[in-house]
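# A closer look at the structure
Single-letter residue listing:
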Amino acid sequence: MSSCLALIGLTALTSLTACLLGEPINMAPEVSITPPQGPFYRGQQITFAAGVANEGAASIRFAWNKTQGACGPKPMAWTSDATGSSFVFTPGSNELGDFCIRVQATDSQGAHAIAQSEIRVSDRQPEVALMQVQPAAGSKARLGSEVVVSAVASDPDAGDVPVFTLALQTPDGEDVAFGTCEDAKRPASDHCFVVTTPGPWVVTVKWGAADATRSLVAIDRKLEVMADEDQPPCLLAMPRAAQVVQDAREPLHFEVFVADDLDAFPTTSQGSSKARFQWSVSDSSSSTFLALVEQTDRVYVLPNRYLPADELRVRVDVFDRVARPATCKASDDVCGTSLCLQRMTWTVRFR
């Protein structure tokens, strides 16, 4: 450059220009950032690599810069402790949203250039494991039985505590509350309810992660528990034998019990039974049964007004809350299946 300065005043302007153009001119390095593959989450190591296109890359010094928000105009030069050709950014628990990553490349002559890359750090959603515990998953629940579902939530981001609630809806679309589990020792993740209507009962999980960076966001997760159809009531009775020999001087007690999904009788813990009874009698001179309209309880006491050698037939029919087509004929002494009777008949012979 000093030789060119010597030309000033001695040669024409064109000679000076030629001299200047003959000297090598230092150009700033061409730097770029290779963006990593997203998406990006908190706690994840995100590595950025700087590339230099021009010669002399071995002598390039790098300085990195990270700011929250979208990238704007390239700033002036800066210094940084991160001086290598790569930079690792691990977003912390409070670092969400857009970030601008910049690299400054400086050559041995002090010329520098800046490249920048923009990323977005997202919050991973919590995960919830929702399953049917009782009865076994995929099995229908018997009406009147307790259903147990388990809901366990976890958050992949350290420091976030999943917050969720459970909602329960009947097959009729009515919102109802969960009940108290019959087994008090069940873990807190278990939730219980008794199915009283056939069809799908829907358990909904509404959850989100509550932390300093955002408010609770509700997201629906559903589990469908299918409740079985109402089954016919089943009679159990005393006396057990269909043929009874009775002292005419003593009253005879008949007592029935009902095994049923919703209408067990005597009443169980599931609620009020709607079991109904119809008692009727027929003496040996008639094949027609006379309904005892006033006898609607499960216990019927046959009065001691009969004489030795008399014969009487006593019948009971049971019904629950579901109106079903009649399957019993008037001539049937028993009705139902061998394991589940809706009618029983006794023949009583007095002595």
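These remarks concern the structure in this document. (Residues numbered from 1 in each chain as written. Predicted model: local features only at pLDDT ≥ 70, side-chain atom pairs only at ≥ 80, totals over all residues. Heavy atoms only, no water.)

In total, this model carries 12 aromatic pairs according to the counting rule given. Between the aromatic rings of Tyr306 and Phe350, the centroid separation amounts to 5.0 Å while the plane-to-plane angle is 10°, which identifies the pairing as stacked. With Tyr306 in the loop between strand E20 (299-302) and strand E21 (311-319) and Phe350 in strand E23 (residues 341-350), this pair connects stretches of sequence that are 44 residues apart. By relative accessible area, which is 6% here, Phe350 ends up buried. Members of the aromatic cluster, each reached through a chain of ring pairs, are Phe254, Trp279, Tyr300 and Trp346. In this structure, Arg315 is placed above the aromatic ring of Phe289, and the distance from its NZ or CZ to the ring centre is 3.8 Å. (Phe/Tyr/Trp six-rings, centres within 6.5 Å; stacked < 30°, edge-to-face > 60°. Helix = DSSP H or I, 4+ residues; strand = E, 2+ residues; numbered from the N terminus. Buried < 20%, exposed > 50% of the residue type's maximum accessible area, 1.4 Å probe, protein only. Lys NZ or Arg CZ within 6 Å of the ring centre and 35° of its normal.)

Judged by how many residues are buried, strand E6 (residues 97-106) sits mostly within the fold: 8 of 10 residues are covered. Strand direction decides the pairing type here: strand E4 (residues 61-68) and E6, joined by 8 bridges, are antiparallel. Among the inter-strand pairings, Gln68 is bridged to a residue of E6, identified as Phe99. As defined by bridge partners, E6 adjoins strand E7 (residues 112-122) across 10 bridges and the pair is classed as antiparallel. Paired with Ile101 across the two strands is Ser117, which belongs to E7. A loop of 5 residues connects E6 with E7, the two strands running antiparallel in sequence, and Gly110 in this loop sits at a positive phi of about 95°. (Pairing = 2+ DSSP bridges.)

This part takes up the state of the cysteines. By the definition in use, this model includes 4 disulfides. One disulfide bridge connects Cys234 with Cys340, the sulfur atoms lying 2.0 Å from each other. Across the S-S bond of Cys234 and Cys340 the torsion is about -95°, and the bridge reads as left-handed. Taken as a pair, Cys234 in strand E15 (residues 234-238) and Cys340 in the loop between strand E22 (335-336) and E23 lie far apart in primary sequence, 106 residues in all. Owing to a relative accessible area of 17%, Cys234 belongs among the buried residues under this scheme. (Disulfide = S-S within 2.5 Å.)

All right, on to the pairing of strand E10 (residues 161-169) then. Where E10 lies against strand E11 (residues 175-176), 2 bridges are found, and the strand directions are antiparallel. When the bridges of E11 are listed, Leu168 appears paired with Val176. Hairpin connection from E10 to E11: 5 residues lie between these consecutive antiparallel strands, with Gly173 at a positive phi of about 85°.

Structurally, Arg124 is set in the loop between E7 and strand E8 (127-134). If near-sequence neighbours (up to four positions away) are discounted, Arg124 is found in contact with Tyr41, Arg42, Asp155, Pro156 and Asp157. Here the side chain of Arg124 touches Arg42 through a polar contact of 3.1 Å, landing on its backbone oxygen. (Contact = heavy atoms within 4.5 Å. Polar contact = N/O pair within 3.5 Å; in protein donor to acceptor, adjacent residues only side chain to side chain.)

The next point concerns the pattern of salt bridges. Tallying each qualifying case throughout the model produces 13 salt bridges. The residue Asp190 makes a salt bridge to Arg186 at a minimum N-O spacing of 3.3 Å. Since its relative accessible area comes to 24%, Arg186 is described here as partly exposed. Between Arg298 and Glu255 there is a salt bridge; the shortest N-O distance is 2.9 Å. In this pair, Arg298 is assigned in the loop between strand E19 (290-291) and E20 and Glu255 in strand E17 (residues 252-259), connecting sequence segments 43 residues apart. Through salt bridges with shared partners, one network takes in Asp230, Asp320 and Arg324. (Salt bridge = Lys/Arg side-chain N within 4 Å of Asp/Glu carboxyl O.)

Attention now goes to the sheet that holds strand E12 (residues 190-194). Read from one edge to the other, the open sheet built from 3 strands follows the order E8-E9-E12, with strand pairing classed as antiparallel. Each edge of the sheet is formed by a strand with only one pairing partner; in this case those strands are E8 and E12. Between one strand axis and the next, the sheet turns by 25° as a mean value, whatever way the strands run. Direction of pairing for E8 relative to strand E9 (residues 146-154): antiparallel, over a ladder of 7 bridges. Paired with Gln134 across the two strands is Val148, which belongs to E9. (Axes fitted to C-alpha atoms, helices over the stretch in contact; angles between N-to-C directions.)

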